[in-house]
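Structural features, examined
Given next are the chains, with one letter for each unit.
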Amino acid sequence: MKHWDQFLEPYKHAVEELKVKLKGIRSQYELHSDHSPIEFVTGRVKPIASILDKAHQKGISLDKLDSEMQDIAGLRIMCQFVDDIKTVVELLRSRNDFEIVEERDYISHKKASGYRSYHVVIRYPVQTIRGERKILAEIQIRTLAMNFWATVEHSLNYKYKGLFPEDIKIRLKRAAEAAFRLDEEMSTIRGEIQDAQAFFTRKKEMQQDGKNS
C-alpha cells in the first residue's frame with residue numbers, strides 16, 4: 001500500500017492543481033461579466049482496483065503505468081453548450097503550463113455505443129521533494145447532457161461488465177441521440193438562455209447589494 005501511496009501522490013497533486021486552474025478560468029469570465037464556457041469542473045485519481053483492472057484489460061505492465069495509462073489522473077469539464085467545448089479546447093491549447101500529448105474527438109466521431117465527449121491528454125509537471133515529475137492526465141470535456149448519458153452508461157457497464165443485453169444497447173444508443181438532440185436544441189436558443197441567466201445574476205446582485213446597504 002505504501003508503494004501505491006507514493007506512486008499516486010503526484011497524480012493527486014496534479015488533479016488538485018488543475019482543478020484550481022480550470023476553475024480559475026470560469027472565475028475570470030465571471031469577473032468580466034462574460035459567459036463562461038466552463039460550467040463546473042470535477043477531478044479524481046483512478047482507484048487502485050480500477051488501475052489494476054484496466055492494466056489487465058489493456059495488457060499494461062505495472063512498471064509502465066506512468067507512461068502507458070493516460071487517465072490515472074482525470075479531470076472533467078462540463079459545458080452548457082456544444083460550442084463551449086470548442087472554446088475550452090482552444091483555451092487548453094493556448095496554455096503553457098502543460099503539454100498536450102493527444103486529442104480525441106468523440107463528438108464529431110462518436111463511439112459505437114453512442115458515447116460523446118472530447119478528450120485531451122496532457123503531460124503535466126508536478127513539483128515533488130525529489131524534483132519535477134511529469135505525469136499524464138486526461139481532461140474530458142462534455143456538455144451536461146453528454147455527461148448524464150456517460151454516467152448512466154458507466155454504471156450499467158459495471159453491472160453488465162461490458163456485455164450489455166441487446167435491448168439495453170439499443171436503448172442506450174437512442175438515449176445518446178436524444179441527449180445530442182437536446183444539446184442541438186439548446187444551442188438554437190443559446191442567446192435567450194444566456195440573456196435569462198444574465199438577468200437572473202443581475203437581479204441576485206441587486207438583491208444582495210440591497211441587503212448589504
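In case you missed it, the structure is sitting above this.
A few points on the structure.

The rules behind the values
- Residues numbered from 1 in each chain as written.
- Predicted model: local features only at pLDDT ≥ 70, side-chain atom pairs only at ≥ 80, totals over all residues.
- Heavy atoms only, no water.
- Phe/Tyr/Trp six-rings, centres within 6.5 Å; stacked < 30°, edge-to-face > 60°.
- Helix = DSSP H or I, 4+ residues; strand = E, 2+ residues; numbered from the N terminus.
- Buried < 20%, exposed > 50% of the residue type's maximum accessible area, 1.4 Å probe, protein only.
- Lys NZ or Arg CZ within 6 Å of the ring centre and 35° of its normal.
- Lys, Arg positive; Asp, Glu negative; His and termini not counted.
- Salt bridge = Lys/Arg side-chain N within 4 Å of Asp/Glu carboxyl O.
- Polar contact = N/O pair within 3.5 Å; in protein donor to acceptor, adjacent residues only side chain to side chain.
- Contact = heavy atoms within 4.5 Å.
- Expected span 1.5 Å × (residues − 1).
- 1 Å grid on protein atoms, 1.4 Å probe; cavity = no way out; pocket = protein on both sides within 12 Å on 5 of 7 lines; lining within 4 Å.
- Points joined across faces, edges and corners; volume = space filled by probe spheres on them.
- Pairing = 2+ DSSP bridges.
- Axes fitted to C-alpha atoms, helices over the stretch in contact; angles between N-to-C directions.

Aromatic ring pairs are defined here through the distance separating the ring centres and the angle between the ring planes. The full count for this structure, using the stated rule, is 5 aromatic pairs. Plain terms: the ring middles of Trp-4 and Phe-7 are 5.9 Å apart, the flat faces sit at 85° to each other, and that makes the pair edge-to-face. Residue Trp-4 and its partner Phe-7 are both found in helix α1 (residues 2-31); the two are separated by 3 residues, about one turn of the helix. You can call Trp-4 buried: its relative accessible area is 13%. Seen in terms of ring centroids, Tyr-106 and Tyr-115 are 5.9 Å apart; in terms of plane orientation they differ by 65°. Their pairing is edge-to-face. The burial state of Tyr-106 is the same as that of Tyr-115; both residues are buried. Among the aromatic residues, those joined into a ring-pair cluster are Trp-4, Phe-7 and Tyr-11. Here Lys-111 stacks its cationic end above the ring of Tyr-106, 4.8 Å away from the centre of that ring. In this arrangement the basic side chain of Arg-116 is found over the ring face of Phe-180, its NZ or CZ atom lying 3.9 Å from the centre.

Secondary-structure assignment places Arg-142 in strand β5 (residues 131-143). Glu-138 provides the closest opposite charge to the buried, salt-bridge-free Arg-142, at an N-O distance of 7.1 Å. Of the polar contacts made by the side chain of Arg-142, one reaches the side chain of Asn-147; its length is 3.0 Å. Contact partners of Arg-142, with chain neighbours within four places excluded, come to Arg-76, Ile-77, Met-78, Cys-79, Ile-85, Tyr-115, Arg-116, Ser-117, Asn-147 and Ala-150.

In this section: helix α6 (residues 166-188). Compared with an ideal rise of 1.5 Å per residue, which puts 23 residues at 33 Å, α6 spans 34 Å between its outermost C-alpha atoms and is within 8% of the ideal. Taken together, the buried positions of α6 are Leu-172, Ala-176, Ala-179, Phe-180 and Asp-183. Buried residues belonging to α6 abut α4 (82-93), β5 and α5 (144-160).

Applying the stated rule across the entire model yields 1 cavity of 30 Å³ or more. Quantified by volume, the largest cavity comes out at close to 60 Å³. In terms of lining residues, the largest cavity is bounded by Gly-114, Tyr-115, Arg-116, Met-146, Trp-149, Ala-176, Ala-179 and Phe-180. Residue assignment for the lining of the largest cavity shows that the elements contributing at least two residues are α5 and α6.

Another point: the sheet that holds strand β3 (residues 99-105). Hydrogen bonds between backbone atoms are what pair the strands of a sheet, whose relative direction is either parallel or antiparallel. Ordered by their spatial adjacency, 5 strands build an open sheet running β1-β2-β5-β4-β3, and the pairing between neighbours is mixed. This sheet does not close on itself; its edge strands, each paired only once, are β1 (40-45) and β3. When strand polarity is set aside, the average angle formed by the axes of neighbouring strands in this sheet is 25°. Where α4 meets the sheet, it contacts β2 (73-79), β3, β4 (118-128) and β5, and its direction lies at approximately 165° from that of β5. Together, β1, β2 and β5 form the strand contacts of α5, whose direction differs from that of β5 by roughly 100°.

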